[in-house]
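In case you want the letters, here they are:
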Amino acid sequence: MASAKPIEELSLFYPMFNEEENIEEAVARARAVLPDLADRYEIILVNDGSRDRTGELGDRLAAQYSEVRMVHHPVNRGYGAALKSGIGAARYGWIFYTDGDNQFDLAEIPLLLALRHEHEIVTGYRVDRSDPAHRKLNAWAFNFLVRILFQVPCRDVDCAFKLYRADIFKGMTLKSEGALIDVEIFARAKKRGARIVEIGVHHYPRRFGQQTGAKLSVILRAFRELFRLWGELKG
Ligand SMILES: Nc1nc2c(ncn2[C@@H]2O[C@H](COP(=O)(O)OP(=O)(O)O)[C@@H](O)[C@H]2O)c(=O)[nH]1
Ligand SMILES: [Mg+2]
């Protein structure tokens, strides 16, 4: 008999850097929604060399719940490295990830699942992004540049609410260790013919912990990685 759940199997992962105040809530939210969404699921926590208690709390959650798995980077490597570790650790045919700071609503995952039959990548865009105006403007310009350089459909490529068909990553070498990773995945997948669709999702303020996504060092690294990727993929 066909399953009544939206999807048979789903790997969910969270990249986490210094998220000791968010990790327990993040796991609780995933454990609350996944049983209704998938027959088989796993929750992977990627601790990217956190200097707080993220790793320790994650190990405890993994010991407590069999569906929770922990991946540790001994030292902080960056957002892209954390995404690559999450993708590499995922065991199921579809992979969903969101940030470990609880700025999204996992109840919106079914919006993505509904579009997966015709698309290999289903990506959220933030309908009302909880960030300062200058960041929204920078993001608008950045997405414009990415659309021109790589011909990918994206108005919010860095929106951390995405669903991937796992086999798009087979034989794909991802080089970005920093924040460019989302662009790199889109660009490489598009080149291989993957279909990408965007859907609006909600975004909420960060309640605990530090935001690091707007740091100058993070942005400069993303631009270095952007031009390297463009040099490789153009033509
Ligand atoms: N792996 C990794 N994750 C990071 C790093 N910095 C932030 N994160 C994670 O990336 C996500 C987004 O970070 P955040 O600072 O909230 O960026 P923003 O939402 O773009 O403002 C969160 O889940 C963080 O835990 C980092 O250096 N490495
Ligand atoms: Mg955030």
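Residues numbered from 1 in each chain as written. Chains lettered and ligands numbered in written order. Predicted model: local features only at pLDDT ≥ 70, side-chain atom pairs only at ≥ 80, totals over all residues.

1. Points about the overall build of the protein chain
Scanning the protein chain from terminus to terminus reveals seven helices and seven strands. Along the chain direction, N to C, the helices and strands of the protein chain fall in the order β-α-β-α-β-α-β-α-β-α-β-α-β-α. Here the C-alpha atoms of the protein chain give a radius of gyration of 17 Å, agreeing with the 18 Å that 2.2 N^0.38 yields for 235 residues. Each principal axis of the C-alpha atoms in the protein chain carries an extent, and together these give about 50 × 45 × 35 Å. Looking at the protein chain as a whole, 40% of its 235 residues qualify as buried. Long-range pairs, those at least 24 residues apart, make up 83% of the contacts in the protein chain with a sequence separation of at least 6. (Helix = DSSP H or I, 4+ residues; strand = E, 2+ residues; numbered from the N terminus. Rg over C-alpha atoms; globule rule 2.2 N^0.38 Å. Buried ≥ 20, exposed ≤ 12 C-beta atoms within 10 Å, placed from the backbone. Contact = placed C-beta atoms within 7 Å.)

2. A few points about the site of ligand 1
Taken together, 17 residues form the shell around ligand 1, and within it Phe17, Asp48, Ala82, Asp99 and Gly213 come nearest. Sorting the residues of the shell around ligand 1 by element identifies β1 (7-16) and α3 (79-89) as the ones contributing at least two each. (Near = placed C-beta within 6 Å.)

3. What about the nonpolar core?
Core analysis: the biggest nonpolar cluster contains 57 residues, and Leu10, Leu12, Leu45, Phe96, Tyr97, Val183 and Phe186 have the highest contact counts within it. With near-sequence residues (within four places) excluded, leucine 10 lies in contact with Leu34, Leu37, Ala38, Tyr41, Tyr92, Trp94 and Phe96. (Core = buried A, V, L, I, M, F, W, Y, C linked by C-beta atoms within 7 Å.)

4. Details of the pairing of strand β4 (residues 94-98)
Judged by how many residues are buried, β4 sits mostly within the fold: five of five residues are covered. Where β1 and β4 come together, three bridges link them in parallel fashion. Counted as the bridge partner of phenylalanine 13 is tyrosine 97 from β4. In the sheet, β4 pairs with strand β6 (residues 161-165) via five bridges, with the strands oriented antiparallel. From the neighbouring strand, isoleucine 95 faces β6, where its bridge partner is tyrosine 164. (Pairing = 2+ DSSP bridges.)

5. Some details on the sheet that holds strand β5 (residues 121-126)
Here seven strands make up an open sheet; going across it, the order is β3-β2-β1-β4-β6-β5-β7 and the pairing mixed. Every other strand in the sheet has two partners, leaving β3 (68-73) and β7 (196-201) as the edge strands with one partner each. With strand direction ignored, the average angle separating the axes of adjacent strands in the sheet is 20°. Contacting β1, β2 (38-48), β3 and β4, α3 crosses the sheet at an angle of about 145° to β2. (Axes fitted to C-alpha atoms, helices over the stretch in contact; angles between N-to-C directions.)

6. Description of unusual backbone geometry
Positive phi values are uncommon outside glycine, yet asparagine 18 reaches one of about 55°. Mapped onto the secondary structure, asparagine 18 falls in the loop between β1 and α1 (23-37).

7. Thoughts on the environment of aspartate 182
Residue placement: aspartate 182 occurs in helix α6 (residues 181-191). According to the C-beta neighbour criterion, aspartate 182 is buried, with 23 such atoms within 10 Å. Along the primary structure aspartate 182 and lysine 162 are separated by 20 residues, whereas in three dimensions their C-alpha atoms are 9.6 Å apart.

8. Thoughts on the environment of proline 132
Tracing the backbone through its elements, the reader meets proline 132 in the loop between β5 and α5 (133-150). Spatially, the C-alpha atoms of proline 132 and glutamine 103 are 15 Å apart, while their sequence positions differ by 29 residues.

9. What about α3?
Most of α3 sits out of view: nine of its eleven residues are buried. Among the structural elements, β1, β2, β3, β4 and α6 are those in contact with the buried residues of α3.

10. Some details on the packing of α1 against helix α2 (residues 54-64)
Two elements in contact, α1 and α2, have axes whose closest approach is 10 Å; the angle formed by their N-to-C orientations is 30°. You can see that α1 and α2 cross each other, and the crossing is right-handed. Residues Ile23, Glu24 and Val27 of α1 pack against Thr54, Leu57, Gly58 and Leu61 of α2. Across the contact of α1 with α2, the residue classes break down as four nonpolar, two polar and one charged. (Left-handed = near helix turned anticlockwise from the far one by under 90°. Nonpolar A, V, L, I, M, F, W, Y, C, P; charged D, E, K, R; others polar.)

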